[in-house]
Amino acid sequence: MTSCLPAIDSINRSLSEICAAEDRQYSWENPRRFSGYAKRLQLLLRQLLRSSSPESLPASVQTSLKGVAGDLARAVETMSVYTYRSKIFVLINCHALCSSLCERAVAIGGWLALLGSAVQDNADLHKKISDLSRDMKQAHFGVTENEERVHRTLQREGQGRQNRKVLQSAIVMDLARALGISFDNQAEISEQVKLLKDDLTQANMVTERQILKSLERIVDNWSTEPDVLTQSADLEFEDDAHISPFKNFQCPLTKDVMKDPVVLESSQNYERTAIEYWFEQCIEDGREVTCPVTGRVLNSLELKPNIGLAGAIEEWVNRNIESQVKVAVQYLSDDPPLIDCVERALDNIFKISEEHTSSRYIMRNAGIVVLIVKVLRNCSKIVGSHLRSKSLMALLSMAKDEESKMILLARRLLVCRKLLWSIQKIMLEEGITRLAIHSLIGGSEKEREYGVKLLLEFSSDETYCVRIASEKGALFLLLSMAGNLEHPALSNLAEEILKRMERVEDNVQHLAAAGRFKPLLSRLCEGSADVKIEMASMVGRMTLTNSCKEQIARQGAKVLVDLLSKPEGRAPSLRALCNLSSLDDNATVLVDSAVLPALTAILFEKQDATVQVKEFAAAIIGNIVSSTGHWELASAEGERHLMQSKSIVFGLLELLSIASSQCQASILRILCGIASSPQASEAVIGHIKSGDGLKTIILFLEHSEVDQRVYAFRLIRVLSERLAEDLANELKPSNKLPLFKEKILDTQSTEGERSDAACILANLPLSDNEVTTVLGASLVRWTVATLKDRHRSTNGRTTRPTSIMVEGLLGILLHFTRNPDQQSDRVIKEHRLLTIFREQLVFTSKPKEKKLAALGLKYLSESGRTLAGGDPDPQPPQGFCSSLVFMCGRASKVPSTCPIHNSACEEDSQFCLLKSNCIKPLVELLVDVDTRVQISAVEALSTLVLDTSNGLKRAVEELEHLGVVDAVIVLFTQACPGELQEKALWMVERILRVEPLIHRHSLNQSLVRALVEAFKHGNPVTRRHAQECLTHLKQISGVSGKTSTQNRGWR
């Protein structure tokens, strides 16, 4: 049997530690109660050991003592938490600690019951042990209501819930009561939190660490000094100018001076909003509603206003606000201002305005608004973006007060004079709009935010909306901000301002000018007749961008056309349509809106239409037909008459002689536009010819007005492309040809007139005598110099003439190359025209210029062959070696003559394409994308194989060496049926007359196939050339249907 002495020693140690009440008192009810049980157990154990020695105790007694020792040791661990851990730690674990003590007490009570049954012979001891056993088994260990509330609160904090200041204050009060200290004792509360932090140093529980973090934040906020008005301002006061707030002015929950104090049944005062929020949270958490300060459960939630306290607080607030305003006025009036002082003053002004709205009149009467704007205006260079933001923030807050807003807007001056020192002071405020707008481009987002908020506050006033719109750049800044999605908050504010501005009629034009057409278009499309006319007039007056014109035309064109039928709406609508039609892209939209019939009706109207109305109608038609659109297919008069119809053209020609000067220019422009259209030109030019319109149009070539001359020259140029002979017959009798030369050389004339005059001279048929007398060497000299300048301009050294001018100048030079006489030959050589044409091929990218230059090379090459005349075949050798020559053949020698002309050509000859290095540029033109250019190049190259004598072989061999032969053959195989194929085939036939090339190309299946297709489907000329080529290649069987050995592979 083992000894029970160790158990007895363990019990004594545990009881001694628990019962050491002389040195300390437990702060909690549960450990004090358990300590009482421990003292009784200590007395019973001593009595037991006095009655019997430990060695003589029965086995049941020893067993019970060992059980008591074990449970008592575990109880000591729980009791040590109450003793050595922080009180907050105990509150966090109060339920676990209570459960542990309860379990230990019940267990020890059970062991004592066993012990009591073993000492029944000792009645006194038996009774005491039985009583203690019963009491411990029935022991109740619990937490108080306040401890329970704090425990739940701490558990919620462990979940990371964010609380408002009101709840944080209530938590501190509950915690202080649970800890048994005053909630004003901030040092002790902070010390308890610090002790908790020490307890949790080795803790691994996330919840406990979260509770600690939350408590540190709450206690830190609680320890912060109350943010009362005077303390936050940090301004200098006179000694008697400031009264500190009484403690009962501050709400226990918010620690701020109360604005609406109420009293509870517990006689405690709170800020109304704070205590109401506390009530809501109590109900939401499912706990009894208590007074935060006293912890008392409230039977009634009635909140009674504390009128006396509210009056005292208001008096204190007004007294201090007046003191702060006085100091702010002083700082804002300093010149120059002290930035730090101004910033503090602005912070204080904003705080007063936001928290004490009823006191704004104090600042208003003190002139604060005027001073802030003055600082912004006069000190803009030294005031940074940060301070401008605060100034705008203060103004925005003050603007919420109607009378302050009135001052900022400078309205109702006589009323405002009672509020400010003088009317001159109010005038200082007239720049507030500009200041707010300027802030929209501020350096910081805050400055832009408060600037746009200030504008938004004022935009509720229509007069101010007009003022914003009239400020330069304001709408563009607002539109830019509204469209900036990187800052959605600012974008929404700017958009709201613009929507308010749209409601004001006076802003419609300003908004439209800035690119916001919604208000204008909505009124134009949906407004009354008068409103539509007003909007049309507005569109007619405005200077619009191209995108704006397109937007208005797409949505409002039909409305504007409908207005043409109303006498009062005709003029405004015509002005608007004239403005919109100046954009080429709008031609289609206007035509689709059926504008042409209405315009022609006005233009040809005999009686009612005024001169100005006709001028607008003609201008609009001119704009439309000068643009690419489908007007050629649209009805222009009645149901079937198009713009190119005979009645329209004849009507326009008739109007030319009776219309106003401006209308004449527009009519000439209309004729020029419809005559230039590929779909309408043939019909229009035919009607002009049949209507004897050439005589009428020619008269305007010498008109005194520039516009008439410009469009007349342009129209004559267009007509000269089809009616060159008829035009020449009209011009020559009146000796008008020199007029065009004079116009070309006249530097005072417009570039358009000079270019058109050059093209007209180029298109007119001129005799050799007229080329010499009318054009003359002087014009050639100027033309060559101008073209050379153009070539140099590609390096940026001179101004580049227009393409039309270049085309005309090249056409003029062609007059000298077509049928050159002796005098023309001198001009060609002196001015090196062939070199000019060659350089033009290199420098230009315009198809028509390439074509004209290639034609010039063709004419000069033909003239060169005529001048060469072709040398006869070499004479057979004479003399001693003639017999040897006869036997062995003619002696071969390197020819010294030009292989093209079979004669001696000078280097860089102006009549030889080979010597002047023109062949390579012409070969490059064979792959041009423009068919007309390819045809001209083939024609020029064809002049190199005109010779049918023995010189053809030398010419073809030279061309093969230069790559001409392969290029022409490839061109023919790829060309579609037509003129290009025919001309290329002619040249191929000449090439295939040379025997070596026949053998080389006889197996060219692509060539043979193309020849067969040309023979089958070409015109008679093409068929003949194709047959000759196939004959040269000995491929006739491929056409006749018979198969030759050479052709089998192809078949």
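Keep in mind the model is a prediction, meaning the values are calculated, not measured.

Quick look at the packing of helix α5 (residues 94–118) against helix α6 (residues 123–137)
Logical step 1: Two numbers describe how α5 lies on α6: the axes approach to 8 Å, and their chain directions differ by 160°. Judged on the interaxial angle alone, α6 and α5 are roughly antiparallel. The element α5 and its partner α6 pack so that their crossing is left-handed. Of the residues in α6, those touching α5 at Ala 105, Val 106, Ile 108, Gly 109, Gly 110, Leu 112, Ala 113, Leu 115, Gly 116 and Ser 117 are His 126, Ile 129, Leu 132, Ser 133, Met 136 and Lys 137.
Logical step 2: When its residues are assigned to classes, the contact of α5 with α6 shows 9 nonpolar, 6 polar and 1 charged.

Considering the state of the cysteines
Logical step 1: With the rule as written, the count across this model stands at 0 disulfides.
Logical step 2: With no disulfide of its own, Cys 94 lies closest to Cys 98 among cysteine sulfurs, the gap being 6.1 Å.
Logical step 3: We note that Cys 102 lacks a disulfide partner, and the nearest cysteine sulfur, in Cys 98, lies 8.8 Å from it.
Logical step 4: Residue Cys 102 is classed as partly exposed on the basis of its relative accessible area of 26%.

Some points on the nonpolar core
Logical step 1: Residues Leu 596, Ile 624 and Met 643 are the most contacted members of the largest nonpolar core, which totals 177 residues.
Logical step 2: What Leu 596 contacts, discounting residues up to four positions off in sequence, is Val 591, Ile 621, Ile 624, Trp 631, Ala 634, Ser 635, Ala 636 and Met 643.
Logical step 3: The next biggest cluster of nonpolar side chains, apart from the first, holds 152 residues, and it includes Leu 97, Phe 141, Leu 309 and Leu 454.

Regarding the pattern of salt bridges
Logical step 1: Counting across every chain of the model gives 42 salt bridges.
Logical step 2: A salt bridge links Arg 990 to Glu 989; the shortest N-O distance between them is 4.0 Å. Residues Arg 990 and Glu 989 agree in their burial class; the two are buried.
Logical step 3: A network of salt bridges, in which partner residues are shared, links Arg 40, Lys 127, Asp 131, Arg 134 and Asp 135.

Focus: helix α45 (residues 833–843)
Logical step 1: Most of α45 sits out of view: 8 of its 11 residues are buried.
Logical step 2: Along α45, the residues that are buried comprise Leu 833, Leu 834, Thr 835, Ile 836, Phe 837, Arg 838, Gln 840 and Leu 841.

A look at the packing of helix α2 (residues 29–51) against α5
Helices that pack against each other are described as a pair by the angle of their axes relative to one another and the distance between those axes.
Logical step 1: Direction vectors running N to C along α2 and α5 enclose 20°, while the axes themselves pass 11 Å from each other. The orientation of α2 relative to α5 falls into the category roughly parallel. Crossing of α2 against α5: the hand is left-handed. Contact with α2, carried on its side by Asn 30, Pro 31, Phe 34, Leu 41 and Leu 48, involves Cys 98, Leu 101, Arg 104, Ala 105, Ile 108, Leu 112 and Leu 115 of α5 and no other residues of that element.
Logical step 2: Residues of the contact of α2 with α5, tallied by class, amount to 10 nonpolar, 1 polar and 1 charged.

About the thresholds
- Residues numbered from 1 in each chain as written.
- Predicted model: local features only at pLDDT ≥ 70, side-chain atom pairs only at ≥ 80, totals over all residues.
- Heavy atoms only, no water.
- Axes fitted to C-alpha atoms, helices over the stretch in contact; angles between N-to-C directions.
- Helix = DSSP H or I, 4+ residues; strand = E, 2+ residues; numbered from the N terminus.
- Parallel < 35°, antiparallel > 145°, perpendicular 65-115°, else oblique.
- Left-handed = near helix turned anticlockwise from the far one by under 90°.
- Contact = heavy atoms within 4.5 Å.
- Nonpolar A, V, L, I, M, F, W, Y, C, P; charged D, E, K, R; others polar.
- Disulfide = S-S within 2.5 Å.
- Buried < 20%, exposed > 50% of the residue type's maximum accessible area, 1.4 Å probe, protein only.
- Core = buried A, V, L, I, M, F, W, Y, C linked by side-chain atoms within 4.5 Å.
- Salt bridge = Lys/Arg side-chain N within 4 Å of Asp/Glu carboxyl O.

Honestly, that's just the spatial picture; any functional story needs more than this.
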